[in-house]
Amino acid sequence: MELMKLPPDPNPGNCRAALAGLVRFYETLSPDTLDQLPSIYAADAHFKDPFNDVVGVEAISGIFRHMFATVEAPRFEVTTRLLIGREAMLGWDFHLRLQGRPRVIRGVTHLGFDADGRVCRHRDYWDPAEELYEHLPLLGSLMRWLKKRLASPGA
């Protein structure tokens, strides 16, 4: 994803309100709230995470529909928020159950807001190797071995 510098926001309160609304949306996210996406995301918003790279509200909605269909009890908890102009960073914990076991994935989201206060750029950063793969029966052993093998001697 190309990082472009957004112009300064002539109305800083616009982005503060948009960020607060986005945090509320994510912390109460459910299949029933997905119809709110067009008021939160720009029609041509770009969304990228370790598994997806899509453009458009319908494609973003599809990612969340897939999440609700494939994991149990997904829930986001925003732990940190920073806003500078029309750019924001959110730190978060994603709580879920995989194969009946509770998991927490920790990550950060970089956001860009358009002039209307809607998200035009959303990029999630988190480590699937540490947060997911290490917990899988066969792949986990290999990932832990690789991590140990590649780590600095004093780590």
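Cut-offs and rules
Residues numbered from 1 in each chain as written. Predicted model: local features only at pLDDT ≥ 70, side-chain atom pairs only at ≥ 80, totals over all residues. Heavy atoms only, no water. Helix = DSSP H or I, 4+ residues; strand = E, 2+ residues; numbered from the N terminus. Buried < 20%, exposed > 50% of the residue type's maximum accessible area, 1.4 Å probe, protein only. Contact = heavy atoms within 4.5 Å. Areas by Shrake-Rupley, 256 points an atom, 1.4 Å probe, with all protein chains shown as cover. Salt bridge = Lys/Arg side-chain N within 4 Å of Asp/Glu carboxyl O. Patch = residues over 30% accessible without salt bridge, like charges linked within 9 Å, V, L, I, M, F, W, Y side chains within 5 Å. Expected span 1.5 Å × (residues − 1). Arc of directions from axis to C-beta. Polar contact = N/O pair within 3.5 Å; in protein donor to acceptor, adjacent residues only side chain to side chain. Pairing = 2+ DSSP bridges. Phe/Tyr/Trp six-rings, centres within 6.5 Å; stacked < 30°, edge-to-face > 60°. 1 Å grid on protein atoms, 1.4 Å probe; cavity = no way out; pocket = protein on both sides within 12 Å on 5 of 7 lines; lining within 4 Å. Points joined across faces, edges and corners; volume = space filled by probe spheres on them.

**Student:** Can you help me understand the overall build of the chain in this one?
**Tutor:** When you go through the chain residue by residue, the secondary structure sums to five helices and six strands. Taken from N to C terminus, the helices and strands of the chain fall in the order α-α-β-β-α-β-β-β-β-α-α. When burial is assessed residue by residue, the chain has 41% of its 155 residues classed as buried. Taking the intrachain contacts of the chain between residues at least 6 apart in sequence as the baseline, contacts between residues at least 24 apart amount to 47%. Taken as a whole, the chain presents about 9200 Å² of accessible surface, with 57% of it coming from carbon and sulfur.

**Student:** How do you make sense of the pattern of salt bridges when you look at a structure like this?
**Tutor:** One side chain can pair with another of opposite charge once the charged atoms of both are near each other. Counted by the stated rule, this structure contains five salt bridges. Put simply, Glu 58 and Arg 65 hold a salt bridge, and the shortest N to O gap is 3.2 Å.

**Student:** Looking at this structure, I do not really get a nonpolar patch on the surface. What am I missing?
**Tutor:** Taken together, the side chains of Leu 82, Met 89, Val 108 and Tyr 125 make up a nonpolar region of the molecular surface, amounting to roughly 320 Å² of accessible area. Mapped onto the elements, Met 89 comes out in strand β4 (residues 87-98).

**Student:** Would you take a moment to explain helix α3 (residues 57-70) for this structure?
**Tutor:** In an α-helix, one full turn covers 3.6 residues, which means residues spaced three or four apart are oriented alike. Along its 14 residues, α3 runs 20 Å from first to last C-alpha, staying within 8% of the 20 Å computed at 1.5 Å per residue. Inspection of α3 places Val 57, Ile 60, Ser 61, Ile 63, Phe 64 and Met 67 among the buried residues, and these make up the whole buried set. On an axial view of α3, the arc spanned by its buried residues comes to 150°, and they lie on one face. Facing away from the buried surface of α3 by more than 90 degrees, the exposed residues are Glu 58, His 66 and Ala 69.

**Student:** Any chance you could explain the side chain of His 95 here in plain terms?
**Tutor:** You can see His 95 is positioned in strand β4. Given the relative accessible area of 18%, His 95 is considered buried. One polar contact links His 95 to Glu 77, side chain to side chain, over a distance of 3.0 Å. Apart from the residues within four sequence positions on either side, His 95 is in contact with Ala 73, Pro 74, Arg 75, Glu 77, Arg 103 and Val 104.

**Student:** What's the story with the pairing of β4 in this structure? I'm lost.
**Tutor:** Looking along a regular strand, one sees the side chains alternate between the two faces of the sheet. Here strand β3 (residues 72-84) runs beside β4; their pairing, made up of 10 bridges, is antiparallel. Each residue of the ladder has a partner; that of Leu 82, found in β4, is Met 89. If you look at the hairpin formed by β3 and β4, you'll find two residues sitting between the two strands, and Gly 85 has a positive phi there, around 60°. Pairing of β4 with strand β5 (residues 101-113), which is carried by 12 bridges, proceeds in the antiparallel orientation. Opposite Trp 92, over in β5, you have Gly 107 as the bridge partner. The hairpin formed by β4 and β5 contains two residues between the paired strands, and Gln 99 there has a positive phi angle of roughly 50°.

**Student:** Even after reading the chapter, I still don't get the packing of aromatic side chains, so can you show me in this structure?
**Tutor:** For any pair of aromatic rings, the description rests on two quantities: the centre-to-centre distance and the angle between the ring planes. One pass over the structure, following the stated rule, counts seven aromatic pairs. A network of ring pairs unites the aromatic residues Phe 25, Tyr 26, Phe 47, Phe 64, Phe 76, Trp 92 and Phe 94 as a single cluster.

**Student:** Just to check I follow, could you spell out the layout of surface pockets for this structure?
**Tutor:** Space left empty within the atom packing is revealed by a probe, the size of a water molecule, rolled over the atoms. Of the pockets and cavities examined, the largest pocket occupies roughly 550 Å³. Along the walls of the largest pocket sit 26 residues, with Asp 49, Ile 63, Met 67, Phe 94 and Trp 126 positioned nearest its centre. Put simply, the parts of the chain that give the lining of the largest pocket at least two residues each are α1 (12-27), α3, β3, β4, β5 and β6 (119-125).

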